[in-house]
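Notes for the structure review
Here is how the chains run, residue by residue.
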Amino acid sequence: MGAIRGILLVFVAVLLFLSVLLANLFLVLTLSLNYENVREESTTLVKDFLKEIDITNALKQAYPLISFYCQNYSEYVFNYQGYTLDIPCSIVSQGENAIIEEGVRDLVKSVYYAKYECNFLDCPNKSQLPLFLISEKAHDFWENKFYLSLIISFVLFILVFLLVEKKTNALILSGSLLIVSAVPFIKLDYLLSLFSDKIIFKFLGVFFSQAYYVSIKTLVIGIGLLVLGIVLDIFKVGFFISNLISKSKEKTSKKTKKSKSK
């Protein structure tokens, strides 16, 4: 029976590690794909994209027309190759660069909140450009996966707790697994730098921009569980020794009373 329990414990512990690892990954993707973070991290990427589809040059060429138009109106709608940029006339007087910056912000917002008429896993086959990957749809997809993996991790922790003989070992084991699962995300920026293609690196950088934050948070929780398990284990041993001493004293006092009564 002990061998079967040990095998089950190893199996469940491996599943718990994989579940926690995936939970970390999904949390990184969820936090990284918040709109505020996407807007901040994707500026350079979007500028490169605008240059690639030649919107930047088109905006520069249209600048005189935009300036003239804005003498009587408050907003200029710029259409180019299926992309629409809403340019407030209040920034037109600031020059071409200000228009491009505004175009970047507007494009990021339109891409992020666009309504993609496809399931997340089907979108790669229905979209020529993978911009949906940095959309609200992607954020919601990874957020749901994170909560699912969190529930699975909790269930697996309960199983570990039931399988271990010393219950404090459940905290020590779970804490250790959390610490190990956080390690790959600490140096994730270094791993991404191995890509020779700078565009790929920038694109992936948007997804994993919160990796270091999540890894530190996971490390803190893991260390907390590990220390808690060790402390409880020490106190348990302390209580056990204290009980032994108390019982020994009781036996000694009983023997002393008996000898005096005789």
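Residues numbered from 1 in each chain as written. Predicted model: local features only at pLDDT ≥ 70, side-chain atom pairs only at ≥ 80, totals over all residues. Heavy atoms only, no water.

1. Description of the nonpolar core
Inside soluble globular proteins, nonpolar side chains tend to come together where they are buried. Core analysis: the largest hydrophobic core is formed by 48 residues, its most contacted members being Leu-59, Ile-66, Phe-78, Ile-87 and Trp-142. Top contributing element to this core by residue count: helix α5 (residues 96-112), with seven residues. Excluding residues that lie within four positions of it along the chain, Phe-78 makes contacts with Ile-55, Ala-58, Leu-59, Ala-62, Tyr-83, Thr-84, Leu-85 and Ile-87. One finds Val-12, Leu-16, Leu-156 and Val-164 within the second-largest nonpolar core, a separate group that totals 10 residues. (Core = buried A, V, L, I, M, F, W, Y, C linked by side-chain atoms within 4.5 Å. Buried < 20%, exposed > 50% of the residue type's maximum accessible area, 1.4 Å probe, protein only. Helix = DSSP H or I, 4+ residues; strand = E, 2+ residues; numbered from the N terminus. Contact = heavy atoms within 4.5 Å.)

2. Overview of a nonpolar patch on the surface
Residues Ile-151, Phe-154, Val-155, Ile-158, Leu-159, Phe-161 and Leu-162 make up a contiguous nonpolar surface patch of roughly 640 Å² in combined accessible area. Within the secondary structure, Ile-151 sits in helix α7 (residues 136-163). (Patch = residues over 30% accessible without salt bridge, like charges linked within 9 Å, V, L, I, M, F, W, Y side chains within 5 Å. Areas by Shrake-Rupley, 256 points an atom, 1.4 Å probe, with all protein chains shown as cover. Salt bridge = Lys/Arg side-chain N within 4 Å of Asp/Glu carboxyl O.)

3. Brief notes about the environment of Ser-215
Its location among the elements puts Ser-215 in helix α11 (residues 211-261). Ser-215 sits 29 residues away from Ile-186 along the chain, and the two C-alpha atoms are 5.8 Å apart. Sequence-distant contacts of Ser-215, defined by excluding residues within four places in its chain, comprise Ala-182, Phe-185 and Ile-186.

4. Some remarks on the environment of Phe-207
Within the fold, Phe-207 resides in helix α10 (residues 198-207). Taking relative accessible area as the criterion, Phe-207 reaches 8% and is therefore assigned buried. C-alpha separation for the pair Phe-207 and Asn-34, spaced 173 residues apart in sequence, amounts to 9.9 Å. Setting aside residues no more than four positions away along its own chain, Phe-207 makes contact with Val-28, Leu-29, Ser-32, Leu-33, Leu-133 and Ile-134.

5. Comments concerning the packing of helix α1 (residues 2-32) against helix α8 (residues 168-186)
At their nearest, the axes of α1 and α8 sit 9 Å apart, and the two run at 40° to each other. Considering the angle they form, α1 stands oblique to α8. At the point where α1 passes α8, the crossing takes the right-handed sense. Side by side, α1 and α8 meet where Leu-9, Ala-13, Leu-16, Phe-17, Val-20, Leu-21, Asn-24, Leu-25 and Val-28 of the first sit next to Leu-173, Ser-174, Leu-177, Leu-178, Val-180, Ser-181, Ala-182, Pro-184 and Phe-185 of the second. Of the residues assigned to the contact of α1 with α8, the class counts are 15 nonpolar, three polar and no charged. (Axes fitted to C-alpha atoms, helices over the stretch in contact; angles between N-to-C directions. Parallel < 35°, antiparallel > 145°, perpendicular 65-115°, else oblique. Left-handed = near helix turned anticlockwise from the far one by under 90°. Nonpolar A, V, L, I, M, F, W, Y, C, P; charged D, E, K, R; others polar.)

6. Brief notes about the confidence of the model for the protein
Of all residues in the protein, 79% have pLDDT values of 70 or greater, and the mean over the chain is 80. Within the protein, α7 carries the highest mean pLDDT (94), whereas helix α6 (residues 123-126) carries the lowest (64). (pLDDT = per-residue confidence, 0-100.)

7. A word on the pairing of strand β2 (residues 83-88)
Alignment of strand β1 (residues 75-80) against β2, held across six bridges, turns out to be antiparallel. Following the sheet pairing, Asn-79 is matched in β2 by Thr-84. Connecting β1 to the next strand, β2, in antiparallel fashion are two residues, including Gln-81 with a positive phi near 50°. (Pairing = 2+ DSSP bridges.)

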